[in-house]
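Architecture at a glance
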Amino acid sequence: MASQVIPAIVNGAGGKMGREVVKAIASSPDLKLVAAVDRNPDYIGRDVGEIAGCGPLEIPILNDLEGSLGMAVQEKELGVMVDFTHPSSVYDNVRSAIAYGIRPVVGTTGLSPQQIQELAEFADKASTGCLIIPNFSIGMVLLQQAAISASKYFDHVEIIELHHNQKADAPSGTAIKTAEMLAELGKPYNPPSVEESEKLTGARGALAGEGIRIHSVRLPGLIAHQEVIFGAPGQIYTLRHDTSDRACYMPGVLLAIRKVTELKTLVYGLEKIL
Ligand SMILES: NC(=O)C1=CN([C@@H]2O[C@H](COP(=O)(O)OP(=O)(O)OC[C@H]3O[C@@H](n4cnc5c(N)ncnc54)[C@H](OP(=O)(O)O)[C@@H]3O)[C@@H](O)[C@H]2O)C=CC1
Ligand SMILES: O=C(O)C1=N[C@H](C(=O)O)C[C@H](O)C1
């Protein structure tokens, strides 16, 4: 499939990320948008190109993922479904796409480790590629790699993630993945130096694996930001990534659409396909 045009369905096409994805696909000659899906009544029936701001594409937004997947199969357009919807629906969306033989590229966060495991088994059985990518920006991959390097020398680390206040899930998928990457190194962090008592529940954040704490901030005016703060006696090492425009995710999304067509299993994380 690599040299052919890749058909793509965008689910969540009217949303903040979906619109960027529609524009990015529309301007990529090796990709072809075949359907656009969203549940928001403000967008249903309207031309997805008009909603995305790239001019008419003659593709109406439908509130029917199953129908769009079925139509793509009927027209032999077995390509990719890009999902930027909601944590409550992403699991079912991915299962449906795989069942139709259409490869999911998943940006939606909020899947539990157990759900990811189940989807991996489902994709394996169907020999269908699937990518679950909590963060499509290259800057975040670089931050995570720097955090892994730093963790060899620092035993104390906490993560702060800051997002716009329309975000449904907390902590962010990126913060969870970052904590998982540090925990996978097999060392415990933050050995206690004092007996702590939390006077307000949540004051010390959420406890991820190996003692790593994640703190979530939600405010209008933010887009997506993350700090990984390492501490040692006499020094603090801070890694920070800031998103100022959702266009920053598009090179990663386009790469994932192309790569997933070569896969037969589920892969979790952009760092694995770079
Ligand atoms: N991996 C990455 O790099 C990134 C991931 N994200 C993640 O992507 C997801 C979407 O983010 P964002 O675009 O900001 O969110 P938005 O709310 O702006 O967009 C989501 C769109 O999907 C629609 N939708 C929700 N549920 C369904 C469903 N079951 N079927 C079809 N459409 C649905 C929403 O409709 P309605 O308005 O009615 O809810 C909305 O139009 C989030 O999980 C976010 O964390 C975001 C940025 C980067
Ligand atoms: O909701 C968002 O905006 C984002 N969600 C992803 C996450 O949960 O990590 C990626 C990025 O942080 C933006």
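Analysis parameters
- Residues numbered from 1 in each chain as written.
- Chains lettered and ligands numbered in written order.
- Predicted model: local features only at pLDDT ≥ 70, side-chain atom pairs only at ≥ 80, totals over all residues.
- Near = placed C-beta within 6 Å.
- Nonpolar A, V, L, I, M, F, W, Y, C, P; charged D, E, K, R; others polar.
- UniProt positions renumbered as here; feature names shortened; annotations may be inferred.
- Helix = DSSP H or I, 4+ residues; strand = E, 2+ residues; numbered from the N terminus.
- Buried ≥ 20, exposed ≤ 12 C-beta atoms within 10 Å, placed from the backbone.
- Arc of directions from axis to C-beta.
- Contact = placed C-beta atoms within 7 Å.
- Core = buried A, V, L, I, M, F, W, Y, C linked by C-beta atoms within 7 Å.

Every residue near ligand 2 is listed here: Thr109, Pro134, Asn135, His163, Lys167, Ser172, Gly173, Thr174 and Ala224. In terms of residue class, the shell around ligand 2 is built from 2 nonpolar, 6 polar and 1 charged.

Turning our attention to the UniProt feature "domain: Dihydrodipicolinate reductase N-terminal" (unreviewed entry) in the protein chain. Here the UniProt-annotated "domain: Dihydrodipicolinate reductase N-terminal" (unreviewed entry) positions come out as residues 8-136. Span residues 8-136 is 39% helix and 19% strand, its end C-alpha atoms 17 Å apart.

As a further point, take helix α4 (residues 90-99). For α4, the complete set of buried residues consists of Val90, Asn93, Val94, Ala97 and Ile98. Buried residues of α4 fall within an arc of 130° about the axis and therefore sit on the same side. Summarising the contacts, the buried residues of α4 are in contact with β1 (6-11), α3 (65-74), β4 (80-83), β5 (103-106), α5 (113-126) and β6 (130-132).

Turning to the nonpolar core, a few remarks are in order. Of all hydrophobic cores here, the largest spans 54 residues; its most connected members are Val82, Val253 and Ile257. The residues touching valine 253, leaving out its near neighbours within four places in the chain, are Val21, Ala24, Val82, Val105, Gly107 and Phe136. Of all hydrophobic cores here, the second largest spans 15 residues; its members include Val157, Ile159, Ile176 and Phe230.

Quick look at the UniProt feature "binding site: NAD(+)" (unreviewed entry) in the protein chain now. As recorded in UniProt, the feature "binding site: NAD(+)" (unreviewed entry) lies at Gly12, Ala13, Gly14, Gly15, Lys16, Met17, Gly107, Thr108 and Thr109. Along the chain, alanine 13 falls in the loop between β1 and α1 (16-26). Overall, the presence of 28 C-beta atoms within 10 Å leaves alanine 13 in the buried class. Beyond its immediate stretch of four places on either side in the chain, alanine 13 contacts Gly18, Val22, Ala36, Val37, Asp38, Val48 and Ile61. Its place among the elements puts lysine 16 in helix α1.

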